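# Examination of the molecular architecture
Each chain, written out:
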Amino acid sequence: MIKLRNLLVYIGLTVVFSSCNSILVYHMDVLCPGIFVTPSSKSSMLLVDNAAIQPSQYGHTFLEAPGYKEDSDFHTDQLPDYVLQSVSDNLRKEGAYQQISLCKKKEYDFHKNKVGDFLLSRTLTPLQVKSLSDSSHADILVSLDRLVVYSKMNVQPDDYSYRVTRDVIVNTVWRAYDVRGDSLLTQFQHNDSLYWENFSGDLISSIKKLPSFEETLPEIGNYVGEHVHQFFGPYWKSLERFYYSFGSFRMKYAVDCVRQGDWEGAATLWQDEFKKGFGRSVYRAALNMMLYHEYSGDPEEALVWADQAEKAMNDFLFGATIYDKWLFVNYKEALRVRAFDLKKLKIYFNDK
């Protein structure tokens, strides 16, 4: 009985791993809609710096055993400009807006100047929104209402060297307005964190080799902007998809087609396998057709093939493997998301 049990376990593991070995990975970049979707009729955007200036002595600490002390003064006045420029540059790449303008603090006269204002996310008044948008003829106004930076330097000595790190957290608050509709469209808070590290044989050189805080401001601004722009417009995302290579000669030849970029040839072979093949390669060919149609930009048709793959799984005498079922369920859900995303993208680009 013990030997029989062990044999069954071995056979089960063999099936699982042979299934995994027959699966290849395909990487693709897809265009995703922003979290906040604007119609194509709203073609111009104004990005406004409405964040108060953070005092240079606030928010920066240095860990010196046994406790923290206040770090050097750092000037972050330019950071909002870097952030807004990065948001603008990333939005321009995808062409969702015909015009994107920036409004810096020096370009308007109603600043937050009181002590402690930098910690507040006070909104622009309706008159301020109208005044700013009229000057740029913007449809959408996006305001950066708070930007606060926290940094921590940490020196950790050991027997032979020093490890110096700087952790930076950037807290921002954003609001978007439909200027013509005179309404607040969305508001959110966003946090980003960055990290620098250096090793050296002595304390002074280890600290000096770490870039100064002010030198990292452009990098911080780019990093924050790359994340925040995904709220307001389309962005590219890398996806990992799987397809089956094991089975008849058609499945194997299709792999060569995919590697050579001949997706039509691969699709022809997979369809033939679905019609003429036998065993598990029938539903696996259907699963591969799901990838073909997603790659071709038609997730709705991919979902049609998902129904055929599911039927083929149920019709097969021995059923699909656990791993194949798991892969199918997850892929079908991902295709539903892609189909919904495609509908949202059409709002940006006027159903084109």
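Reference entry: report on the structure contained in this document. (Residues numbered from 1 in each chain as written. Predicted model: local features only at pLDDT ≥ 70, side-chain atom pairs only at ≥ 80, totals over all residues. Heavy atoms only, no water.)

### A few points about the pattern of salt bridges
Inspection of every chain in the model, using the stated rule, returns 15 salt bridges. The partner of Glu 294 in a salt bridge is Arg 241, with the nearest N and O atoms 2.9 Å apart. Of the two residues, Glu 294 sits in helix 8 (residues 280–295) while Arg 241 sits in strand 9 (residues 235–244), which places them 53 residues apart along the sequence. The exposure class assigned to Glu 294 is buried, which follows from its relative accessible area of 7%. (Salt bridge = Lys/Arg side-chain N within 4 Å of Asp/Glu carboxyl O. Helix = DSSP H or I, 4+ residues; strand = E, 2+ residues; numbered from the N terminus. Buried < 20%, exposed > 50% of the residue type's maximum accessible area, 1.4 Å probe, protein only.)

### Side note on the environment of Lys 104
By the element assignment, Lys 104 lies in the loop between strand 5 (99–103) and helix 3 (126–136). In this structure, the C-alpha to C-alpha distance between Lys 104 and Thr 125, residues 21 residues apart in sequence, is 17 Å. Setting aside residues no more than four positions away along its own chain, Lys 104 makes contact with Asp 49 and Asp 81. (Contact = heavy atoms within 4.5 Å.)

### Let's talk about unusual backbone geometry
At His 137, a residue that is not glycine, the phi angle is positive and equals roughly 55 degrees. Among the structural elements, His 137 can be located in the loop between helix 3 and strand 6 (140–157). Taking the relative accessible area as the measure of exposure, His 137 reaches 59% and is therefore exposed.

### Some details on helix 6 (residues 249–259)
Regarding helix 6, the residues found buried are Arg 250, Met 251, Ala 254, Val 255, Cys 257 and Val 258. Buried residues along helix 6 cover an arc of 160 degrees about the axis, so they all sit on one side. Of the surrounding secondary structure, the elements contacted by the buried residues of helix 6 are strand 1 (23–32), strand 9, helix 7 (263–276) and helix 8. One or two steps after helix 6, the chain reaches Gly 261, where phi turns positive at roughly 80 degrees. (Arc of directions from axis to C-beta.)

### What to know about the environment of Phe 246
You can see Phe 246 is positioned in the loop between strand 9 and helix 6. On the basis of relative accessible area, Phe 246 is assigned to the exposed category, the value being 53%. Spatially, the C-alpha atom of Phe 246 lies 9.1 Å from that of Arg 284, the residues being 38 residues apart in sequence. Not counting chain neighbours up to four residues away, the residues in contact with Phe 246 comprise Ser 22 and Met 251.

### Considering the packing of aromatic side chains
Within this structure, the stated rule accounts for 17 aromatic pairs. Ring geometry for Phe 36 and Phe 232: centres 6.2 Å apart, planes at 80 degrees, overall edge-to-face. Of this pair, Phe 36 sits in the loop between strand 1 and strand 2 (44–49) while Phe 232 sits in helix 5 (residues 217–232), placing them 196 residues apart in sequence. By relative accessible area, Phe 232 is classed as buried at 0%. (Phe/Tyr/Trp six-rings, centres within 6.5 Å; stacked < 30°, edge-to-face > 60°.)

### Quick look at the nonpolar core
Residues Trp 270, Leu 287 and Met 290 are the most contacted members of the largest nonpolar core, which totals 41 residues. Among the secondary structure elements, those contributing two or more residues to this core are strand 1, strand 9, helix 6, helix 7, helix 8, helix 9 (299–315) and helix 10 (322–348). With residues near it in sequence (within four places) discarded, Trp 270 still touches Tyr 243, Met 251, Ala 254, Val 258, Trp 263, Ala 285, Asn 288, Met 289 and Tyr 292. Listed in part, the 40 residues of the second largest apolar core include Met 45, Val 83, Trp 196 and Phe 213. (Core = buried A, V, L, I, M, F, W, Y, C linked by side-chain atoms within 4.5 Å.)

### Describing the environment of Ser 151
Structurally, Ser 151 is set in strand 6. Taking relative accessible area as the criterion, Ser 151 reaches 4% and is therefore assigned buried. Separated by 112 residues in the primary sequence, Ser 151 and Trp 263 have C-alpha atoms spaced 49 Å apart. Excluding its chain neighbours within four sequence positions, the residues that come into contact with Ser 151 are Gly 59, His 60, Thr 61, Phe 74, Asp 167, Val 168 and Phe 213.

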